[in-house]
Each structure stands twice: as structure tokens, then as C-alpha cells.
Amino acid sequence: MIGDVIERSLRQRSPVIPVEALVGNCDGSRMPEIVADRLTEEVARKLVEVCPTSALGMYELEDRRCLRLSYGHCIGCGKCADAGQGAVVVARNFTRCGVAKEQTVRLWDIDGRAEMTPLAPSPEEARGQIHSLLQRALNVRQLDAGSCNGCEAEITALTNPYYDLERFGIHFVASPKHADMLLVTGPVTRNMAEAVKATYEAVPAPKLVVAVGACGCSGGIFAGSHAIVGAVDAVIPVDAYIPGCPPTPAMLITGILEVLRRRIAK
Ligand code: SF4
Ligand code: SF4
């Protein structure tokens, strides 16, 4: 009987999602994408009004009126897409994962109806470099600094047979002493601040720190609460940010690979 089970499972196709479908994919995260040629001042004002986390804002820059979108503050609520009259769509591809803080912010010239921020690296570029990036194993220690556990649920999914993070040689480890990278979720609560600092100190250099989720990037929906110290970078140095509330497993993998790419390029 056990022979039948083994034979049947060997005949089945692997459920693992191919790398090509993974890197840059943000399905399910509801990250917004601005359609520049549909942008008007009236629409921009409406977007700023409906955004619950001030991820969207309007600014004057060199006499130009601009719409600013900070993905680090965005919780993917979808309100801007509902109110945007076609000027906002839900993104299918998202490459601002694993990037520096300033790269999580985009800016559009409202009157010129054009984006003013430089383009992020394309998913194709990252896909092509994956094998050279992962020539050795990467050990990751996940640290919950006060999250709602939404981000943890997505991180846990990374190790299931569908996403199979281990195939990239990326492993989760129990001790910060064995880690190359700290993946920190949640806003840092006052109770956890010392533990976050101690964990950071315990990771051997050279270490990488990645702030995960809107909470890790900006404090998210908890920003301003008396119970938190702030985002992760209020407590320890952060190398890169992965937005989303929560980021999907594909966004997490894209972000981790992008961090490695940037480190190797240095
Ligand atoms: S999806 Fe993000 S940018 Fe849009 S309204 Fe919600 S929080 Fe604001
Ligand atoms: S970013 Fe969203 S899912 Fe992640 S800890 Fe914060 S509230 Fe929870």
C-alpha cells in the first residue's frame, strides 16, 4: 500500500510555484498603482482624502503640484482604487520590495501627468540574476517586534511546498547568532524595544536587517500609538524595506532577493 502512495505522489506534478511566476508578483496585496494619464488635481485631492494612513499626499515641488505615494505607509485597503475614477488600479507587479526607504516612495507630477521618480529594477532583471545571487545559503532569523501576526502568517507560508523558500538555499534559523539576516515584523512596542536591540546585537556582522510590512516600515496602523516606539528603524539600523499589510509570500521572496542583489552590487 505504501508503494502505491509513493508511486502516485511521484506521478503527480510538483506543486512548487515557478520562480518566473514569483519574483515581482504582488497578487493579493492590493498595492496601488497610479495611472498617470488619468490623474487630475480633483482626483488627487479625493485620493488623499480617502487614504486612512496618509500614504497618499499632495505637495508642491519646484512650482509643480505632485502626488506622493509612500508604500511603506500603505496598508492595501483598496480605498484609493475605489475612489480613483480609473487613476488608481491594483498593481499586478511590484518591485519596491527589499529597497531603501526612499525607494518606497513614488511621486507624480499632477499637471504633467507623469511619474517623477526613477524606475525600480524590473522583475525580469531580478529573475535573470537569481542563480548568481544565491551561490551560498542565507540564514534568516524572523523577529516579531509587536505585529498582529498577519505578517507572520505570510512568512510561515514561505516554507510550505508551494513557495518552498528552501529551494533558494534560504533557511529560517532559531538563533540570531546563526543568522545573516533579521526579518523584523510589526511596529516596535515599548515592551519589545530592548529585545529588538539585543537580537540585533547578537547577529554576527556583516548583518542585514529588513523591515517587513507597513508596521515595520512606518508603524502602519499603529503609528502614533503610545504603546509603540515606532517603526523598526526607530530602534535599529535597517538596510531595506518590504511594504504591504501584509506583504504576500511572493513580495517577501522578491524583497529578500533584492536585498541580496543590492548587497552584492555594493
Ligand atoms: S491602498 Fe494604500 S494608498 Fe490606497 S488608500 Fe489604502 S492605504 Fe492609502
Ligand atoms: S503590516 Fe499589517 S499584517 Fe503586518 S503586522 Fe502590521 S497590521 Fe499586521
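Before reading on, note that the structure itself is shown above.
For the structure given in this document, a descriptive report is provided here. All values derive from a computational prediction rather than experimental measurement.

1. Considering the overall build of the chain
- Counting its secondary structure elements, the chain contains 9 helices and 13 strands.
- Once the C-alpha set of the chain is aligned to its principal axes, its extents read approximately 70 × 45 × 35 Å.
- In the chain, buried positions account for 49% of the 266 residues.
- Considering only contacts in the chain between residues 6 or more positions apart, those separated by 24 or more positions represent 80%.
- Of the roughly 13000 Å² of accessible surface on the chain, a fraction of 53% belongs to carbon and sulfur atoms.

2. Remarks on the site of ligand 1
- Every one of the 13 residues lining ligand 1 counts as a neighbour, but Cys51, Cys74, Cys77, Gly78 and Cys80 are closest to it.
- Partitioned by chemical class, the residues of the shell around ligand 1 number 10 nonpolar, 3 polar and no charged.

3. Details of the sheet that holds strand S8 (residues 170–172)
- Sheet architecture is open: 5 strands sit in the order S8-S7-S9-S11-S13, paired in parallel fashion. The strands lining the two open edges of the sheet, one partner per strand, are S8 and strand S13 (240–242). Going from strand to strand, the sheet's axes swing by 30° on average, the running direction of each strand aside.
- Where strand S11 (residues 208–212) meets S13, 3 bridges bridge the pair, whose relative direction is parallel.

4. Quick notes on the site of ligand 2
- Inspection of the region around ligand 2 gives Ser147, Cys148, Gly150, Cys151, Gly213, Ala214, Cys215, Gly244, Cys245 and Pro246 as its neighbouring residues.
- Mapped onto the shell around ligand 2, the elements with two or more residues apiece are helix H6 (150–157) and helix H8 (213–218).
- Taken together, the residues that form the shell around ligand 2 break down as 6 nonpolar, 4 polar and no charged.

5. Considerations on helix H3 (residues 41–50)
- Among the residues making up H3, those that are buried are Val43, Ala44 and Leu47. The buried residues of H3 occupy one face: seen down the axis, they fall within an arc of 100°. Away from the buried face of H3 by more than 90 degrees, exposed residues Glu42 and Glu49 are located.
- Residues of H3 that are buried sit in contact with strand S2 (56–61), strand S3 (64–70), helix H4 (79–83) and strand S4 (88–90).

6. Points about the pairing of S3
- Relative to S3, S2 runs antiparallel, the two sharing 6 bridges. Among the inter-strand pairings, tyrosine 59 is bridged to a residue of S3, identified as cysteine 66.
- Sheet analysis places S3 next to strand S5 (residues 105–109), joined by 5 bridges and oriented antiparallel. Residue pairing for S5: serine 70 is matched across the bridge by valine 105.

7. Comments concerning the packing of aromatic side chains
- Here the structure, examined in full by the defined rule, presents 2 aromatic pairs.
- Seen from their ring centres, tyrosine 71 and phenylalanine 94 are 4.7 Å apart, and the 80° between their planes marks the pair as edge-to-face. A residue pair is termed long-range when its members are at least 10 positions apart, and tyrosine 71 in the loop between S3 and H4 and phenylalanine 94 in the loop between S4 and S5 qualify at 23 residues. The two residues tyrosine 71 and phenylalanine 94 agree in class, both being buried.
- Note on tyrosine 162 and tyrosine 163: the rings are 4.9 Å apart at their centroids and 80° apart in plane angle, and the pair reads as edge-to-face.
- For tyrosine 163, a relative accessible area of 16% corresponds to the buried category.
- Sitting over the ring of tyrosine 200, lysine 207 keeps its end group 4.2 Å from the ring centre.

8. What about the environment of isoleucine 17?
- Here isoleucine 17 lies in the loop between helix H1 (2–11) and helix H2 (19–22).
- Along the sequence, isoleucine 17 and glycine 224 sit 207 residues apart, while their C-alpha atoms lie 39 Å from each other.
- If we skip the residues at most four places from it in the chain, isoleucine 17 touches Leu22, Tyr162, Tyr163 and Arg167.

9. A short note on the nonpolar core
- Core analysis: the biggest nonpolar cluster contains 52 residues, and Leu39, Leu47, Leu67, Met181, Leu183 and Ile253 have the highest contact counts within it.
- The dominant element in this core, judged by the number of residues it contributes, is helix H9 (residues 249–265), at 8 residues.
- Two domains each donate at least three residues to this core, and these are domain 1 (32–93 + 104–115) and domain 2 (123–265).
- Ignoring anything within four residues of it in the chain, the contact list for leucine 183 reads Val140, Arg141, Gln142, Leu143, Ile155, Phe172, Val210, Val212 and Ile256.
- Grouped together as the second largest cluster of nonpolar side chains are 18 residues, Leu182, Val188, Val196 and Ile236 included.

10. Concerning the sheet that holds S2
- With respect to topology, 4 strands assemble into an open sheet ordered S2-S3-S5-S6, the strand pairing being antiparallel. The sheet is open, and its two edges are formed by S2 and strand S6 (114–115), each paired on a single side.
- Here H3 sits on the sheet in contact with S2 and S3, set at roughly 135° to S2.

Conventions used here
Residues numbered from 1 in each chain as written. Chains lettered and ligands numbered in written order. Predicted model: local features only at pLDDT ≥ 70, side-chain atom pairs only at ≥ 80, totals over all residues. Heavy atoms only, no water. Helix = DSSP H or I, 4+ residues; strand = E, 2+ residues; numbered from the N terminus. Buried < 20%, exposed > 50% of the residue type's maximum accessible area, 1.4 Å probe, protein only. Contact = heavy atoms within 4.5 Å. Areas by Shrake-Rupley, 256 points an atom, 1.4 Å probe, with all protein chains shown as cover. Near = heavy atom within 4 Å. Nonpolar A, V, L, I, M, F, W, Y, C, P; charged D, E, K, R; others polar. Pairing = 2+ DSSP bridges. Axes fitted to C-alpha atoms, helices over the stretch in contact; angles between N-to-C directions. Arc of directions from axis to C-beta. Phe/Tyr/Trp six-rings, centres within 6.5 Å; stacked < 30°, edge-to-face > 60°. Lys NZ or Arg CZ within 6 Å of the ring centre and 35° of its normal. Core = buried A, V, L, I, M, F, W, Y, C linked by side-chain atoms within 4.5 Å. Domains from an automatic or database assignment.

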